[in-house]
Amino acid sequence: MPEMIFRVRWPDGSLSDCYSPSLVIREHLEEGKVYGLADFVRISRTALTIASDRVAAKFGFPCSRAARQIAAIDATAARFAGDPAATVTVVALT
């Protein structure tokens, strides 16, 4: 399966390279778009779950790396949860 990296900028300006085991992320996130924190977390979780399900359909088991990426996004987002104006920018989809 084609995998991809999506680079995001968090509210504090830090960058993260996030992994997806499928190109499905392109159907859910848009390069250059700014998302509210909660929306970004929800959309990323949805897309990565779909990607992991595709891996499971093909190989018989879900993608553990996608599950770890969801957990990493959740953990980073939790640092900014108290800021209702927090946004995440999708810098690149590669």
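Above this text is the structure in question.
Residues numbered from 1 in each chain as written. Predicted model: local features only at pLDDT ≥ 70, side-chain atom pairs only at ≥ 80, totals over all residues. Heavy atoms only, no water.

Participant: Is there a simple way to explain the overall build of the protein chain in this structure?
Facilitator: Within the protein chain, the regular secondary structure consists of 2 helices and 4 strands. Overall, the protein chain shows an N-to-C arrangement of helices and strands of β-β-β-α-α-β. Its C-alpha atoms give the protein chain a radius of gyration of 13 Å, near enough to 12 Å, the size a compact globule of 94 residues would have. Overall, the protein chain is about 40 × 20 × 15 Å in size when its C-alpha atoms are taken along their principal axes. In the protein chain, which comprises 94 residues, the share counted as buried stands at 39%. Counting only contacts in the protein chain whose residues sit at least 6 apart along the sequence, the fraction spanning at least 24 positions is 64%. With an accessible surface of roughly 5000 Å², the protein chain has 54% of that area assigned to carbon and sulfur atoms. Computing the positive centroid from 11 side-chain charges and the negative centroid from 10, the protein chain places the two 4 Å apart. (Helix = DSSP H or I, 4+ residues; strand = E, 2+ residues; numbered from the N terminus. Rg over C-alpha atoms; globule rule 2.2 N^0.38 Å. Buried < 20%, exposed > 50% of the residue type's maximum accessible area, 1.4 Å probe, protein only. Contact = heavy atoms within 4.5 Å. Areas by Shrake-Rupley, 256 points an atom, 1.4 Å probe, with all protein chains shown as cover. Lys, Arg positive; Asp, Glu negative; His and termini not counted. Charge placed at Lys NZ, Arg CZ, Asp CG, Glu CD.)

Participant: I keep staring at the packing of aromatic side chains and nothing clicks. Help me out?
Facilitator: For any pair of aromatic rings, the description consists of the separation of the ring centres together with the inter-plane angle of the planes. Taken as a whole and judged by the stated rule, the model has 3 aromatic pairs. Counting every residue linked through ring pairs, the aromatic cluster contains Trp10, Phe40 and Phe80. (Phe/Tyr/Trp six-rings, centres within 6.5 Å; stacked < 30°, edge-to-face > 60°.)

Participant: Explain the sheet that holds strand 1 (residues 4–9) to me, please; I cannot follow it from the model alone.
Facilitator: By definition, the strands of a sheet pair up through backbone hydrogen bonds, in either a parallel or an antiparallel sense. Strands sit in the order 2-1-4-3 across an open sheet of 4 strands; the sheet is antiparallel. Two strands lie at the open edges of the sheet, namely strand 2 (15–20) and strand 3 (34–36), each paired on one side alone. Looking at each pair of strands side by side, their axes are set apart by 35° on average, direction ignored. Across the face of the sheet, helix 1 (residues 37–59) comes into contact with strand 1, strand 2, strand 3 and strand 4 (87–93) while running at roughly 100° to strand 3. Helix 2 (residues 64–78) contacts strand 1 and strand 2 of the sheet and is inclined by roughly 150° relative to strand 2. (Pairing = 2+ DSSP bridges. Axes fitted to C-alpha atoms, helices over the stretch in contact; angles between N-to-C directions.)

Participant: I'm lost on the environment of Arg68 in this one. Help?
Facilitator: Assignment of secondary structure puts Arg68 in helix 2. Assessed through its relative accessible area of 52%, Arg68 is described here as exposed.

Participant: Would you take a moment to explain the pairing of strand 1 for this structure?
Facilitator: Every regular strand shows the same layout, with side chains that alternate between the two sheet faces. What you see with strand 1 is a clean split: Met4, Phe6 and Val8 sit on the buried side and Ile5, Arg7 and Arg9 on the side with no burial. By the bridge criterion, 6 bridges tie strand 1 to strand 2 in an arrangement that is antiparallel. In the strand pairing of strand 2, Phe6 is matched with Cys18. Where strand 1 meets strand 4, 4 bridges bridge the pair, whose relative direction is antiparallel. From the neighbouring strand, Arg7 faces strand 4, where its bridge partner is Ala92.

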